[in-house]
Every structure is written in C-alpha cells, then in structure tokens.
Amino acid sequence: MKKEYIIIMVLMFFMTSCDKEVIKIKGKIDSLGNSQLIFKMDGVSGMDCKIINSITCENGEFNFKLKNIKPPVKLTLYVNDSLESDIWVGEYGVTTIEGKYGSIFKCNVVGSFFCNELQRMNENLNKMYIEPIKEKELEAVKLKELEKLEKLSDADAIYLSKIKKDIKMAYRLRKKSILKTVRKHAQNPVAVALMCQEYDRLTSHQKKECLKYLNRTFSDTGLNWQMKN
C-alpha cells in the first residue's frame, strides 16, 4: 500500500510539474459572438506562419492550452481572416485576454507581469523621445503633401528638412536606448521583446546582434522561431 501511495505521489508531482510549463489562454471578446477565432504565430518576414489553434468562441469566450510553445512569443489573433490583433505571451500559466470586435479589432492581455513591463517600457521610451516630436510629425505630414503638389515654399522646404532630421534623431535615440538596455540585460525576456518590436528599424549589424541574444538565451522559444522566419 505504501509503495502504491509513493507511486501515486510521484505521478501527481510529475503531472503538476508538466502542467506548469503550459500556456493557458482564456478570454472574452465583446461582440464576437460564436465566430471562429484563429491563433497564429507569424514570422517577422511575414512569409511564414504557424496556426496554433482554431476555435469557435461561445458568446465571445474561449479557453485552451498551448503545450508545445515556450514563451516569450507574440501571437496574432485573426477573426474571419479579415481583422487581426497581436498579443504577447511572456510566461507560462494563464494568459487572460480581453478585447472588442467591431470595425476595429483590439485585444489586450490582463494581469501579465511581462506585458505590463513591456507596456511600461514602451510608454517611458515614447514619453522621452516620441511625444516631444509629435507636433513635428504632424507638420511633416502636411508639408510632404504640399511637396507632392509642388506647392512647398523655399522656407517650408528648409523647415521640412530640419524637422525630418529632428524626427529621425528622436527615433535613433529611442533605438539606442533600447539596445543599451538589451546589452545590459540580455537575459531579460521583456528587454529582448522590446528589441524585437524595434527590429524593422535596426541596421543589418544590429539585427544580427538581436538574433545572437535570442540564440544565446531564448533559442527554444516561439519568439526565436518568429525572428528567423
């Protein structure tokens, strides 16, 4: 009897341990009804993807497990192959999603330390570098329209050239800050995810550096596959 008890305890421990390394996704999307919802893992090139799950929601609610994907990973939710929304999954356990379906399809992850930190870091960077040039970006759009119509004065052309440099510098400084953070905390999944979000703005050398960090610490994650495909 004692031997059977020990075997049962070992099996329970094993099952519990295995269950800890599982991503559980549940959520509620308002106005979605009983529509089909597809979860995909898109490659950064946009040429390759993996369908993770295809489910029919009941009154917009869903609940399932992902057993063969290691976080961090960015999942894309598709409704009727027409509208999509991205979410980050940064840790094992339950990922709770809230969203709204309509002319705009938007989903958010609730109660995730990873997602909260990623959002906080993005907001801080934008506050430091992007918000101060928002008005210049709007002015640049208007002046570029005049430039297309060949109605741009010489003075406006000089001003447009100046604010283009200011805007470019702001984004360059934001990128520099992100790279500095990653180099200092290369094993931090939030920092690496932040760099992956910036991937399109990286130089070819910086992209190689990005992949180096992924290979070193996150080689078996969904995010590593995405950045290579």
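Everything discussed here concerns the structure shown above.
Residues numbered from 1 in each chain as written. Predicted model: local features only at pLDDT ≥ 70, side-chain atom pairs only at ≥ 80, totals over all residues. Heavy atoms only, no water.

## A short note on the pairing of strand β2 (residues 36–42)
- Of all seven residues making up β2, five are buried, and the element is well covered by its neighbours.
- Counted along the chain from β2 to the antiparallel partner strand β3 (residues 49–56), the turn is six residues long, and its residue G46 has a positive phi close to 80°. (Buried < 20%, exposed > 50% of the residue type's maximum accessible area, 1.4 Å probe, protein only. Helix = DSSP H or I, 4+ residues; strand = E, 2+ residues; numbered from the N terminus. Pairing = 2+ DSSP bridges.)

## A word on helix α4 (residues 154–184)
- In this model, α4 (31 residues) spans 45 Å end to end at C-alpha, consistent with the 45 Å of a helix rising 1.5 Å per residue.
- Every buried residue of α4 is accounted for by L160, I163, I167, A170, Y171, R174, K175, S177, I178, L179 and V182.
- In this fold, the buried residues of α4 make contact with α2 (113–130), α3 (134–148), α5 (189–197) and α6 (204–217). (Expected span 1.5 Å × (residues − 1). Contact = heavy atoms within 4.5 Å.)

## Considering the layout of surface pockets
- Reported here for the largest pocket is a volume of approximately 370 Å³.
- Around the largest pocket sit 14 residues that line it, and W88, N108, C115, L118 and Q119 are the ones nearest its centre.
- Where the lining of the largest pocket is concerned, the elements lending two or more residues are β6 (83–89), β8 (106–110) and α2.
- Counting residues per element, the lining of the largest pocket draws most heavily on α2, which supplies five residues.
- The residue makeup of the lining of the largest pocket, split by class, is six nonpolar, five polar and three charged.
- Listing elements by their share of the lining of the second largest pocket, those giving two or more residues are β5 (73–79), β6, α5 and α7 (222–228).
- Taken together, the residues that form the lining of the second largest pocket break down as six nonpolar, five polar and six charged. (1 Å grid on protein atoms, 1.4 Å probe; cavity = no way out; pocket = protein on both sides within 12 Å on 5 of 7 lines; lining within 4 Å. Points joined across faces, edges and corners; volume = space filled by probe spheres on them. Nonpolar A, V, L, I, M, F, W, Y, C, P; charged D, E, K, R; others polar.)

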